[in-house]
Amino acid sequence: MQVFNTHGAHQHTNVIHHHCSGKENRRVHRRMASCTTTKLRAATASDAETSSSRSGAPSTSFLRPHLLKLAPYTPIEPFEVLSQRFGRKPEDIIKLDANENPYGPPEEVRRALAEMPFPHVYPDPETRRLRGALAAMNDIPMEHLLVGCGADELIDLLMRCVLEPGDAILDCPPTFTMYAFDADVNNARTITIPRLEGFKVDIEGIRQAVAEHKPKAVFLTSPNNPDGSVMSEEEVRAVLELPVLVVLDEAYIEFSSEPSKIKWVQQYDNLVVLRTFSKSAALAGLRVGYGAFPLGMVEYLWRAKQPYNVSVAAEVAGCAALSNVEYMHNVRELLVSERENMMAQLKAIPYLEPYPSHANFILAKVVGRDAKDVKDKLAKEHGIMVRHYAKKELSGYVRISVGKPEHTSAIINALKAMA
């Protein structure tokens, strides 16, 4: 991992006024900007060396030692970056790599954002309007609910409140990699219980690991990312019987026929259920997630969370989305239908073996060729983005998000052309 030291540098630049055409003026400004950037880099490097020699210690010495070994998380890139990389207009790129909702949010969201009355005022630290709407939708008292800047924030908040350095969590890979990443950030240990054939959770393996390692929490995802498998009610209850905090991530539950377990937090003191607006409500760019917690725990999470963690825009958008649940239901039906259509067509590709999914994506094993090469060719030759993982257990797979029918046609045609 590279750690960059950045120090402010005072750069005095003489501004030269030229009487010339607009085109010449732009060339001059570009040259000046390039020159200034080069000088700033040199000054920054020199300043860093001087600062280090003055203090007698490099800036990295002030960091917690375990962070120097932290592997960076690899996020998905937005349209603007992909457009520059592949030389295509954003509208000519088909983005099937991040499980985003291609239909976008209901019109009420755009309207509410345009008419926001108080963007200049700090947001409600308790997100009361949104929590009230979520409580009504999920039929659960709002006292159990906490909203975050995406469910990712709540995962990190939970770990900061639950884990001491050296404590352990249980992880069931392949799964959402943020659990292990956040454990590393918080200097906790991650004990892995690999999934069984067909990505089934190893309940007996979890039971043995809890007895042997005494972890603080186990993270479960249903439907699971990246394969879309679900846990049965019996499996979830079996884990809840163990002396461990169970964090059930239901980011994709809307696309499944399996009912949510969110109301179970009223019965189990060792259960947390996480949900998101990123998928079914199509608010991935606004970062809105929420969790249901036991009452005894949530009081202390309120004390530890950042006071203004959810922006005014995010809460306004979340409330507006919930005002048109019918729209979200219709979009859900469209995506589930298209998932089945794409599954049938992927099965006809000779070098792919797709897995059944209860989410808005399909994981496919690539047979007889390199999976990363398939991903790269789709991007470079066809402008179609899919997800490939560098991790050993998933290196031979690609994950394809469900899009609109025209997106399915495009990727199927591209995959056939590569056969």
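Anything mentioned here points back to the structure above.
Given the structure is predicted, the values throughout are model-derived calculations rather than measurements.

**Q** Please explain the overall build of the protein chain as it appears in this structure.
**A** What the protein chain contains, in helices and strands, is 13 helices and 13 strands. For the protein chain, buried positions account for 46% of its 419 residues. Carbon and sulfur atoms make up 53% of the accessible area of the protein chain, which totals about 21400 Å².

**Q** How do you make sense of the pairing of strand 8 (residues 289–292) when you look at a structure like this?
**A** Put simply, side chains in a regular strand alternate between the two faces of the sheet. Side chains G289 and G291 project from strand 8 onto one buried face, and the interleaved Y290 and A292 project onto a second face that is buried too. With 4 bridges joining them, strand 2 (residues 145–148) and strand 8 adopt antiparallel strand pairing. Paired with V147 across the bridge in strand 8 is Y290. For strand 7 (residues 271–276) and strand 8, the ladder comprises 4 bridges, and the chain directions are antiparallel. Note on strand 8: the bridge partner recorded for T276 is G289.

**Q** Where do I start with the side chain of N224 in this structure?
**A** You can see N224 is positioned in the loop between strand 5 (217–221) and helix 8 (233–240). By relative accessible area, which is 0% here, N224 ends up buried. A polar contact is formed between the side chain of N224 and the backbone oxygen of P174, at a distance of 3.0 Å. Among residues more than four places away in sequence, those in contact with N224 are P174, T175, R195, S229 and F361.

**Q** Before we go on, may I ask you to explain the sheet that holds strand 3 (residues 168–171) in this structure?
**A** Sheet strands line up and pair through hydrogen bonds in the backbone, either parallel or antiparallel. Taking strand neighbours across the sheet as the criterion, the 7 strands line up as 2-8-7-6-5-3-4 in an open arrangement whose pairing is mixed. Because the sheet does not close on itself, it has two edges, and the strands there are strand 2 and strand 4 (189–192). Strand after strand, the sheet turns through a mean of 25 degrees between neighbouring axes, direction not considered. Pairing between strand 6 (residues 245–249) and strand 7: 4 bridges, direction parallel. Bridging from a neighbouring strand, D249 pairs with L274 of strand 7. Sheet strands touched by helix 4 (residues 128–138): strand 2, strand 7 and strand 8. Its angle to strand 2, the strand with the most contacts, is close to 125 degrees. Here helix 5 (residues 151–162) sits on the sheet in contact with strand 2, strand 3, strand 5, strand 6, strand 7 and strand 8, set at roughly 115 degrees to strand 2.

**Q** What is the right way to read the pattern of salt bridges from this model?
**A** As enumerated under the stated definition, the model contains 20 salt bridges in all. A salt bridge links D97 to K95; the shortest N-O distance between them is 3.1 Å. Where E204 meets R207, a salt bridge forms, and the shortest distance between an N and an O atom there is 2.7 Å. Here the residue E204 and the residue R207 both occupy positions in helix 7 (residues 203–213), the gap between them amounting to 3 residues, near one helical turn. Among the ionic contacts, a cluster of salt bridges with common partners joins K95, D97 and E100.

**Q** Even after reading the chapter, I still don't get the sheet that holds strand 12 (residues 387–388), so can you show me in this structure?
**A** Read across the open sheet, the 4 strands follow the order 9-10-13-12; overall the sheet is antiparallel. The open sheet is flanked by strand 9 (352–354) and strand 12, the only strands paired with a single partner. Sheet topology note: the strand 9/strand 10 (residues 361–366) ladder contains 3 bridges and is antiparallel. Its bridge partner lying in strand 10, P354 is registered against A364.

**Q** Is there a simple way to think about the nonpolar core in this case?
**A** Taken as a class, soluble globular proteins show a tendency for nonpolar side chains to be buried jointly. I206, L220 and F277 are the most contacted members of the largest nonpolar core, which has 50 residues in total. If you tally residues by element for this core, the top one is helix 10 (residues 312–322), at 8 residues. Once you skip the residues sitting within four places of it in the chain, L220 turns out to touch C172, Y179, V201, I206, M231, V239, V246, V247, L248 and D249. In this structure, I362, V386, A414 and L415 belong to the second largest nonpolar core, which totals 32 residues.

**Q** How should I be thinking about the packing of aromatic side chains in this particular structure?
**A** In this description, an aromatic ring pair is defined by two values, namely the gap between the centres and the angle between the planes. Taken as a whole, this structure holds 10 aromatic pairs when the rule is applied. Taking the centre distance of 5.5 Å and the plane angle of 90 degrees together, the rings of F176 and Y179 count as edge-to-face. Take F176 and Y179: they sit in the same class, and that class is buried. Centroid distance Y179 to F219: 5.0 Å. Interplanar angle 25 degrees. Geometry classified as stacked. Of this pair, Y179 sits in helix 6 (residues 178–185) while F219 is found in strand 5, placing the two residues 40 residues apart along the sequence.

**Q** Before we go on, may I ask you to explain the environment of A321 in this structure?
**A** With respect to the element layout, A321 can be found in helix 10. For A321, a relative accessible area of 0% translates into the label buried. Taking the C-alpha atoms as reference, A321 lies 8.9 Å from A282; in sequence the two are 39 residues apart. With near-sequence residues (within four places) excluded, A321 lies in contact with P106, V109, A281, L283 and M328.

Rules and cut-offs
- Residues numbered from 1 in each chain as written.
- Predicted model: local features only at pLDDT ≥ 70, side-chain atom pairs only at ≥ 80, totals over all residues.
- Heavy atoms only, no water.
- Helix = DSSP H or I, 4+ residues; strand = E, 2+ residues; numbered from the N terminus.
- Buried < 20%, exposed > 50% of the residue type's maximum accessible area, 1.4 Å probe, protein only.
- Areas by Shrake-Rupley, 256 points an atom, 1.4 Å probe, with all protein chains shown as cover.
- Pairing = 2+ DSSP bridges.
- Polar contact = N/O pair within 3.5 Å; in protein donor to acceptor, adjacent residues only side chain to side chain.
- Contact = heavy atoms within 4.5 Å.
- Axes fitted to C-alpha atoms, helices over the stretch in contact; angles between N-to-C directions.
- Salt bridge = Lys/Arg side-chain N within 4 Å of Asp/Glu carboxyl O.
- Core = buried A, V, L, I, M, F, W, Y, C linked by side-chain atoms within 4.5 Å.
- Phe/Tyr/Trp six-rings, centres within 6.5 Å; stacked < 30°, edge-to-face > 60°.

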